[in-house]
Each structure stands twice: as structure tokens, then as C-alpha cells.
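What follows is the residue order along each chain.
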Amino acid sequence: MSLAAVMPPEVGQRPDPGQRPVISFHGVSKTYANGTEAIRDVDLAIYQGDFCFVVGASGSGKTTLVRLLIREEAASSGRIFIDGHETTRMSRRRLPKLRRKFGIVFQDYKLLPKLTVAQNVAFALQVTRPGQRHMKEKVEETLWIVGLEDKLTKFPDELSGGEQQRVAIARALVHRPRIFLADEPTGNLDPDTSWGIVQLLLQINHRGTTVLMATHNREIVDLCRRRVIAIDSGRVVRDEAEGGYLREGEATI
Amino acid sequence: MRGLLASVRFALVAAGQNFTRNLAVSMAGVFTMGLIMLLVGGTILLTHTVDAILNQQEAQADEIHIYLQDSLSMRTIADYEQRFAHDARVNGVSFTTKDQAVILAQQRGLQLQSAINTLGSNPLPASIDLHVRNLNDLTQLNSVAKSLPIVDTSSGSATDYSPHVIPVLKTVITWTVWVGTILSIVLGVISLVIIMNTIRTAVYIRRTEIEIMKLVGAGDWFVRWPFILEGVFGGVLAAAFGATIVALAYRFVLDQANTQAFLGVSFDGPFLTALVVLLVVFGAALGGFGSFLGIRRFLHV
């Protein structure tokens, strides 16, 4: 079975100028109840098939950006559109449908320790599409994509960190989302394993899924030369089509 | 349909897992709630039984039984019956023979056969039974009746009526209803808090699962149902526990009351059944509502 058989059709990496962005932010700000301004006046447009790194120091606002996307947090001002639908004014009742457009992975995997690898992946389908036919086949296909087809019956604590993150990716991928969000997915992994995870995300993106990865892994960002959105104190300070972790000529100690 | 069945199955399995994974806390909650159900059920049943006694007493309250000497002729008895029948204060007169008195006593739970066998005769007196028009005339009529020469003075009490019992019973009923209502409300609120905390523990244990469910796009009700079912299950279990003890205690106390105090209150099966159903429904509703409140705060993921 080839990857092309189970993934959505390929979409060109470069957006058509007339294409509607799959994610857009218009003057979005987020101030928490304690007065912290996490995001300030952000404008963004991300197109279908983009692969974006969101970079910045800890506390710069990367995670808030991810939380705003899935409406885990509500914007204090501005408008956010996902797939043409404004999410800032969306009712709670419609949030599940919005969230099904996303596949999300975190630094800490968030796997259920009492479920096997296959059960962890199937869990996402059970709760969003209960009673779906061919669930077992879909789970196996997805685990094959992430290279864990031989670990179906293992439990999370029997796997390495990299393998656990692959299970989390499979769980995020099993319902074929349009947008893949990864919040520091390599934060707990060694460089080699991290690179393996990023290659997997690139492979997913190559088949047309929009990928947004928040990271402060400089090496990976520099190696990939993809779109980089840099955030500092809640503001987008750089948005480069093929950028590195730092601005050209910028240096750190 | 297939999706609905799968959702129901998921909710039932998850509710069962919640209950068993959290068994000690769940059982402690069920036991405490069961005791509360026992108190609520016991109070309702007590009120009902006291009410039954009161009704019985009220039905008998307008009656004066004039116990007669054994030696009286039927003609003398008939004369007195006539006299009372013409009294404006009297609504009705009837005559109870010695044999009828035995049957009535047996209906009230008195076992007289061995006494009759030992004595060789029926010890109960015959009586003229008066029904008064106005309860206020009871005392006056009673003193008239007591002074009549036909009255059997050997048993110590010439006539038999107990109007003073009624206000006492009425006070008992009023207090039972008030105390029972207040107690039930307070205990209901305590039950809610217990259920809420049990469910919060279950939610805490499953917090990662809930977080993932919300993130992958499960609806609010899909997340809520397992916890609500767990609450309903716990509530029903607690109600079943409380209702079983109430039912057993009711039968035992009633048997004792009838043999020791000759209250003559009969076992009210239909009321007990209705009470058990009410407790189970109340337990289920309380459990479900408590869970709903318990999980509400955690759904804002």
C-alpha cells in the first residue's frame, strides 16, 4: 500500500494568488484575565499545503496562537477564520466540528496509558465518528504511515519517546484533518528522533495537509528552510517564505 | 443508528470503568447516599404510618363503647338502645355481642382463643356503640354513659373512647412532615455534594482522556454522558440500598407494633412499592443532576 492511497491528493506548495487562506488572523489580540498580553494585533494568512514553523522564545505567545486556532482560548479582539468560517464568534455547540478539521500533537504526547497503540489511535475515531465502518483498517493504515504497523498491541510505556510521539501523530491524523498543529512536538526528544518526527510531518504536508509547527528547535528550522513566522512578546516580528530560526545576519550567544 | 448505538455503548462502558476504577470512592458515595435515602424513605414511611393511625383514630373518635354487664336481658339492652337512639346528640346506635367483640379483637391482632380456653368463657363484654353527632359532646355523653346501671364496672374502664389521642397525633404528624421535609431537603443537598465530588474524582482520573476527547472534536454531551450515567447508576444503587432497608424495617416495626401495642395498622404494600419506585427515581435524578453539575466546570477545555 502506498502513502498516496491513504492520504488526501497532493496540493502544490505555493499558494495560488487568488486562493482563500485556510487560516487567517485579522488584528487578533489576546489578553488573559491577569492582564498578560499574550498576542498583540496579529495578522496572518496560511494557505492549504503550507508548512509553517512558528518560532520564538518561551512565553513569546506560540502556544496561545495554537490555542486560539482551536478555540481553546477566545480572542480578546480581532477575527480568526478557519476554512472560511469565522471562529471568534462561533458558538460552543459548533466547536467540535471546528476541531475535527485539526489534528493536534503536543510535547507531552497525551497518550492514554491503559490503552494499546491501536486503541489510542482508534479512540479519536470512537469519540468523533462512533460506529464508523472499517475503523480497524483506518487505524492500521495510519499506524503504517507513521511506521508503527508492528506496534499495534504495545502499550505507551513499552515505547520510546519518539515512538510515543508517532502514536500521537497517528491519532491526530486518523480522521484525515485539513490542518495539522504540532506544539513543540520534538521538545522531549533527542536530535535524531526529532528529525525523524519532522520528516514525518514534512511527508504529511507533502500530501497536501497544512502543517503548523510551534518550536524552538533551531537546527530543525534551519535545515528545513520552510516558512517561518517569528513571534516576540506576542507580535509577529518576521514572516519569511523560506527562513531560518533567526533573521539573516542575526546572532545569539 | 449505528453511530448512536456505538455512542451508547461507549458511554455505558466508560461509566462502568469510571465506577470500578474509582471503586472505593464510588462505594463510599453510594453508602453515604444510601443512608440518606434510608432516612428520607424512613421519614416518608413514618409520616404515612402515623397518618394511617390518625385516620383510624379519627374514624373511631366519634364512637363511645358502653361495655355492658353479662347478666343483662336483651330487653333491657334494647330499651337503652332506644333511649340513646332518641338522644339528639347521638347519630347512630349499634350493639356488639360478646362473640362479635371477640371477632373484632382478633381483627385487631389480639389472640384470645387461649384466654377463652383457660377461663372457660368469653371475657370480653358486649357493648352498645354510640356515634356522636358532634365531637364536643363526647365528654358529656361519656359521663352519662358511665353512670348507667347497665355498665360493666369490673373491667376498670366502663366506656372506651380516646379523644385526647387525636390532637397529639395531629401534632406528631405536623412535626414529622415539617422535620421530614426539611431533613429531606438538607439530605438531598448533601447527596448532591457527595455525587458532585465523586464525579469530580472520576473526572480528575480521566482528565487526559477528556482533554483528548475535546481536542479531537467530541461534543459536550458525548463527554458528559459517561459521567451522568455513572451518577445515575450510583444514585439507583444508593436508592436500592436505602429502599431495601426501609422495606425490611417497615415490616419488622409494623409486626412489633401490632403484637406489642395492638395498633392494628395494616401493611400497606402499594404505598411501599410506590415509595421504592419514588426513591429509585429520586436517586437516579439526584445522581444524574449531581454529575451534570460536577462535570460542568471541567468541560471548558
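Rules used throughout
Residues numbered from 1 in each chain as written. Chains lettered and ligands numbered in written order. Predicted model: local features only at pLDDT ≥ 70, side-chain atom pairs only at ≥ 80, totals over all residues. Heavy atoms only, no water. Pairing = 2+ DSSP bridges. Helix = DSSP H or I, 4+ residues; strand = E, 2+ residues; numbered from the N terminus. Contact = heavy atoms within 4.5 Å. Axes fitted to C-alpha atoms, helices over the stretch in contact; angles between N-to-C directions. Core = buried A, V, L, I, M, F, W, Y, C linked by side-chain atoms within 4.5 Å. Buried < 20%, exposed > 50% of the residue type's maximum accessible area, 1.4 Å probe, protein only. Phe/Tyr/Trp six-rings, centres within 6.5 Å; stacked < 30°, edge-to-face > 60°. Lys NZ or Arg CZ within 6 Å of the ring centre and 35° of its normal. Expected span 1.5 Å × (residues − 1). Polar contact = N/O pair within 3.5 Å; in protein donor to acceptor, adjacent residues only side chain to side chain.

1. Describing the sheet that holds strand E1 (residues 23-31) of chain A
Residue and element names in this part refer to chain A. Here 4 strands make up an open sheet; going across it, the order is E2-E1-E4-E5 and the pairing antiparallel. The outermost strands of the open sheet, each flanked by one partner alone, are strand E2 (37-46) and strand E5 (85-86). Alignment of E1 against E2, held across 6 bridges, turns out to be antiparallel. Bridge pairing in E2 places threonine 31 opposite glutamate 37. Where helix H2 (residues 62-69) meets the sheet, its contacts fall on E1, E2 and strand E4 (77-82), and the angle it forms with E1 comes to roughly 120°.

2. Here we look at the nonpolar core
Ranked by internal contacts, the top residues of the largest apolar core, which has 83 residues, are A:Phe53, A:Val127, A:Leu143, A:Ile169, A:Phe180, A:Leu201 and B:Met213. The dominant element in this core, judged by the number of residues it contributes, is helix H9 (residues 220-260) of chain B, at 10 residues. Residues contacting A:Phe180, with those up to four places away along its chain left out, are A:Gly103, A:Val105, A:Ile169, A:Ala172, A:Leu173, A:Leu201, A:Thr209, A:Thr210, A:Val211 and A:Leu212. Ranked by size, the runner-up nonpolar core spans 30 residues in total, among them A:Ile82, A:Leu98, A:Phe102 and A:Ile231.

3. Brief notes about the packing of aromatic side chains
In the structure shown here, the tally under the stated rule is 7 aromatic pairs over all chains. Seen from their ring centres, A:Phe123 and B:Phe10 are 6.2 Å apart, and the 45° between their planes marks the pair as tilted. Of this pair, A:Phe123 sits in helix H4 (residues 117-128) while B:Phe10 sits in helix H1 (residues 2-21), each in a different chain. Accessibility expressed as a relative area gives 3% for A:Phe123, which makes it buried. On the basis of relative accessibility, which here comes to 15%, the residue B:Phe10 falls in the buried class. The interplanar angle of 50° and the centroid separation of 5.6 Å between the aromatic rings of B:Phe31 and B:Phe241 together place this pair among those described as tilted. Of the two residues, B:Phe31 is situated in helix H2 (residues 23-61) and B:Phe241 in helix H9; the sequence distance between them amounts to 210 residues. The exposure class assigned to B:Phe241 is partly exposed, which follows from its relative accessible area of 29%. Pairwise contacts between aromatic rings join A:Phe123, B:Phe10 and B:Phe222 into one cluster. When the ring centre of B:Trp221 is taken as origin, the NZ or CZ atom of B:Arg224, which lies over that ring, is 4.5 Å away. Directly above the aromatic system of B:Phe267 lies the positively charged group of B:Arg251, at a separation of 4.0 Å from the ring centroid.

4. Quick notes on helix H10 (residues 269-296) of chain B
Turn by turn, an α-helix covers 3.6 residues, leaving residues three or four places apart pointing in a common direction. Residue and element names in this part refer to chain B. Between the first and last C-alpha of H10 there are 40 Å, a value that for 28 residues agrees with the 40 Å anticipated at 1.5 Å per step. For H10, the full list of buried residues reads Leu272, Leu275, Leu279, Gly283, Ala284, Leu286, Gly287, Gly288, Gly290, Ser291, Gly294 and Ile295. Structurally, the start of H10 carries an N-cap: the backbone nitrogen of phenylalanine 271 is 3.3 Å from a side-chain oxygen of aspartate 268.

5. Focus: the sheet that holds strand E6 (residues 102-106) of chain A
Think of a sheet as strands paired side by side through backbone hydrogen bonds, with each pair either parallel or antiparallel. Residues and elements named next belong to chain A. Judged by pairing direction, the sheet is mixed, and its 6 strands sit side by side in the order E6-E7-E8-E3-E9-E10 without closing on themselves. Looking at strand neighbours, the two that pair on one side only are E6 and strand E10 (235-240), the edges of this open sheet. The average undirected angle you get between the axes of adjacent strands in this sheet is 15°. Pairing of strand E3 (residues 51-55) with strand E8 (residues 210-215), which is carried by 5 bridges, proceeds in the parallel orientation. Its bridge partner being in E8, phenylalanine 53 is matched across the sheet by methionine 213. The strands touched by H2 are E3, E6, strand E7 (179-183), E8 and strand E9 (227-232); relative to E8, the strand with the most contacts, the crossing angle is about 145°. Sitting on the sheet, helix H7 (residues 191-206) is in contact with E3, E7 and E8, with an inclination near 155° to E8.

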